[in-house]
Each structure stands twice: as structure tokens, then as C-alpha cells.
Amino acid sequence: ATNLLHVPPPQGLLRPLVVPERLLLGPGPSNVPPRILAAGGRQLLGHMHPEVLQVMDEIKAGIQYAFQTQNRLTLAISGTGHCAMEAALLNLLEHGDTALVAVNGIWGQRAADIARRLGAVVRELWKPPGEYFTPRDIEEGLVRHKPLVLFITHGESSTGVLQPLEGLGELCHRHGCLLLVDAVASLGGAPIFMDRQEIDVLYSGSQKVLNAPPGSAPISFSERAREKILRRKTQPLSFYLDMGWLANYWGCDGEPRRYHHTAPINSFFSLREGLAMLAELGLESSWERHRASCAQLCQGLRDLGLELFVKEEKARLPTITTVRVPKGYDWKEITAFLMENHAIEIAGGLGPSVGKVLRIGLMGCNSTSSNVDRVLRGLRDALRRCHRSRL
Ligand code: PMP
């Protein structure tokens, strides 16, 4: 029988798993604290066991707190932030619906791409990377394109911009449009109030401020958004992400829960603990922690002679700071130097910010004064050692 096997067991798998210690100060994932790691390492239960359904109910309540919403249709998608983005768009949009997408970095680009694949008519509002949209920009777009859905990114992690959301929900509703907001990189790090700001669909991710491993993504739909889904003439294009099925599995529709998919149970254990830690700390303390670390980092970067990419202080995302790649340096050498010599991950740009910026993330338990000191020490060292004139 051995002769039948023409592929031998791979050598790599016969060696032990290697996971080095690293401080993850890129735009995510962030380090997972021992309590959350331990939760993810617990023994499995069945995905329909009452104890797991109870954990799912606790996750739902944790998301309602983090989002500041009382929406019934609140749950975690079994997938990463992209999966929640697809879930939001494919449940809201039908073929031929018009979607207006605010593009000031990669996330708007991606949302536009997804909406186009769904057969939506996609119109774009555009701002250069590093800038945000004013209510006036948005209103002009709403009047001109008459969309059914507006997509906008709260924390633009490719550029480091925090989008002000005040008034946008009301504006959208006045123009018969739903407001869809990506808060993957900002949730827990900057204030957001789903109900008060009249946001119709809000989603986030597990691996940023919540400090859980990637693989589950909080999402919530307002009553208006739920009604739009109920009025659909066609079924959502994905079975896996069909909100009707997910609402039932998550106990949001008052019906007995039915098997839809085998939930990533251990990811849910971790997400539960991430949300529990946020609830224990309190949203206001969490926002203040991120504000203070970001302010300390920005001052330190300026002291090193570096230029912050986002000019206006109030438009800076407290979780991810962008700094221009200094003249005479190659960004790849700086990130590689920090990784090799300081075991710290920071990132270069993404999408429209590639080659222009370095990105430093301080999220959840990583957002501490000592981590700011550590990354600044690493950067000072890199600036001394990586200048091109040394070659
Ligand atoms: N939106 C934003 C603002 C993000 O920062 C990210 C992750 N970098 C995503 C969406 C996508 O999330 P994921 O990588 O978990 O799919």
C-alpha cells in the first residue's frame, strides 16, 4: 500500500511549530493577551450546545455595547473583516442598486470592487489619501447619485485617517439612503455611537483593539437596514453570509435556532473574552488610552524629525499612526530592520499609500506608554542605521 503514496509526509510538518515572540505594532493583527489566548485554547463544545449559544448571546451583548446599539440584528460573522464587508454589501445590495462609495484609501476601493461584483451601480466620491469627507462632500454625492447605500470608512487604516461621522446618518436618511460604516480599525479606539449617529450597518474585526485572533467579525444592522433586507426581491448571492440564516442561528429572529454552519467555536471563545475585556475597561477608558498613546507616539515621531502624514490632529486615527517615509530611506529597510533587530512589526503603506508612509499601530493591550517608547527606540536606531548614504 505504501507504493500508492507518491507524496511523502512533508518535512516541515515533521518538525515542531515555530512561533517567535514579536511585538505586533503594524495595522493589525495586534498581540493577543494570555486571557484571550487561553479562551481560544479551551476544549471544543458542539456548535448547537446551549453553552455555546450562551457565549454567542454574550458576544451579541458585547457587540451592542461596543457599537452602542440596541439593534436586534447584531452578531459576529465567521470570517475576517473582509467577510463582514462582503456580508454587509451583499445583504443590502441587489443587482442594479446604486451604491455610493467614499474612497480615500484602500477600503473604499475594496468596497467598490465588492459592490461591482454584486452587480450594483457603483459611484465613487474621492479624496486624496490622508484626507476625510465633510458632510457637504457627502451631501453633494447623495444629491447627484441618489444611492441606496453609502459606504464610508471610520478608521482608514491605509492612510491613518479618522472619518468624522457626526450628521452623516441623518443626512443619508434625509436622502433615502442607508449608511454603511467600516470600523474594523477604529472600534474601541475612537468613539462611535451606532444608534445616536444613525448608522445602518456597522462592522468591525476581532484582531485589532479587541486583541482576539483574526477570524470573527462583529456586525450590526439597524431596523431600516433589516427592512431593506426583508424587502429584497432576490436572495443574497451568498448562502454562507445570508443574514436571514445568520439571524436565525444567532437567535435574532425569535425562531428556534437552526444549524447553518459549524461556527468557529474557539474563535468565538476568544472574541467573547476580547469583548469582556473591553466591557471591563469601559469604552471611555479605552478611547482615552488610545488617545494618550497616539499623542505620545506623534510627539515622539516629531522629535525624531519625522513628518506625520495626516496634517490635522483631530483627523488622526488613534489606533494607527502614519508617518511619511523620510527622504533618503527605503521603507522596506526600516520595517525589516525593526523586525530583525527589535522584534517589532511596523508596516509600510497599503494601496494608495504604498511607498509613501510607515504605519504604526497601537491597539488594545498594545496601546501602552512602554510600547510607544519601544517603537520610538527602534525607529531612532533604524534612522541611524538604514540611511541610504551608508551604502
Ligand atoms: N477595513 C479596515 C479599515 C481594515 O483596517 C481592515 C484590516 N486591515 C479590513 C477592513 C479588513 O479586515 P481583514 O484583514 O480582517 O479581512
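Residues numbered from 1 in each chain as written. Predicted model: local features only at pLDDT ≥ 70, side-chain atom pairs only at ≥ 80, totals over all residues. Heavy atoms only, no water.

## Structural notes on the domain arrangement of the protein
Selection criterion: Segment limits for the domains were obtained from an automatic or database-derived domain assignment. Only heavy atoms enter the contact rule, under which two residues are in contact if any of them lie within 4.5 Å. Note on definitions: buried area is the accessible-area loss of two parts on being combined, 1.4 Å probe, summed for both. Take a side-chain nitrogen of Lys or Arg and a carboxyl oxygen of Asp or Glu: if they are within 4 Å of each other, that pair is a salt bridge. Counted as a polar contact is a pair of N or O atoms within 3.5 Å, where, for protein atoms, one must be capable of donating a hydrogen and the other of accepting one, and residues adjacent in sequence contribute only when both atoms are in side chains. A run of H or I in DSSP counts as a helix once it spans at least four residues, and a run of E counts as a strand once it spans at least two, with each numbered from the N terminus.
If you check the domain split of the protein, you get domain 1 (23–29 + 282–385) and domain 2 (34–279). Each of domain 1 and domain 2 has a C-alpha centre, and the two are 26 Å apart. Counting from both sides, the interface comprises 28 residues of domain 1 and, opposite them, 32 residues of domain 2. Summing both partners gives a buried area of about 2,400 Å² for domain 1 against domain 2, and 65% of it is carried by carbon and sulfur. Considering only the surface of domain 1 that becomes buried against domain 2, Leu 283, Trp 287 and Leu 317 emerge as the three largest contributors, covering 27% of it. Seen at the junction of domain 1 and domain 2, the total is zero salt bridges. Taken together, the links from domain 1 to domain 2 amount to 16 residue pairs in polar contact (both at pLDDT 80 or more). Listed by contribution, the elements that provide at least two residues to the side of domain 1 that touches domain 2 are α10 (283–303), β11 (320–324) and β14 (357–361). The dominant element in the side of domain 1 that touches domain 2, judged by the number of residues it contributes, is α10, at four residues.

## Brief notes about the sheet that holds strand β4 (residues 121–126)
For clarity, the cut-off: Criterion used throughout: strands pair if DSSP finds at least two bridges between them. Structural elements are reduced to axes, namely lines fitted to C-alpha atoms, with helices fitted over the stretch in contact, and the angle between N-to-C directions of any two is expressed from 0 to 180 degrees.
Judged by pairing direction, the sheet is mixed, and its seven strands sit side by side in the order β2-β10-β9-β8-β5-β3-β4 without closing on themselves. In this open sheet, the two strands that pair with only one neighbour each are β2 (73–77) and β4. Across the sheet, the mean angle separating the axes of adjacent strands is 15 degrees when strand polarity is ignored. Pairing between strand β9 (residues 201–203) and strand β10 (residues 217–221): three bridges, direction antiparallel. By the bridge assignment, Tyr 203 is partnered in β10 with Ile 219.

## So, the packing of aromatic side chains
We apply this condition: Ring geometry is summarised as follows: Phe, Tyr and Trp rings, the Trp one being its six-membered ring, pair when their centres sit within 6.5 Å, and such pairs are stacked at plane angles under 30 degrees, edge-to-face over 60 and tilted between the two. A positively charged side chain is recorded as over a ring if its NZ (Lys) or CZ (Arg) lies within 6 Å of the ring centre. The angle to the ring normal must also be within 35 degrees.
Enumeration according to the criterion identifies three aromatic pairs in this entry. Measuring from centroid to centroid gives 5.2 Å for Phe 239 and Trp 245, while their planes differ by 55 degrees, and the two rings are tilted. The ring centre of Phe 193 lies 4.5 Å from the NZ or CZ of Arg 196, which sits over that ring.

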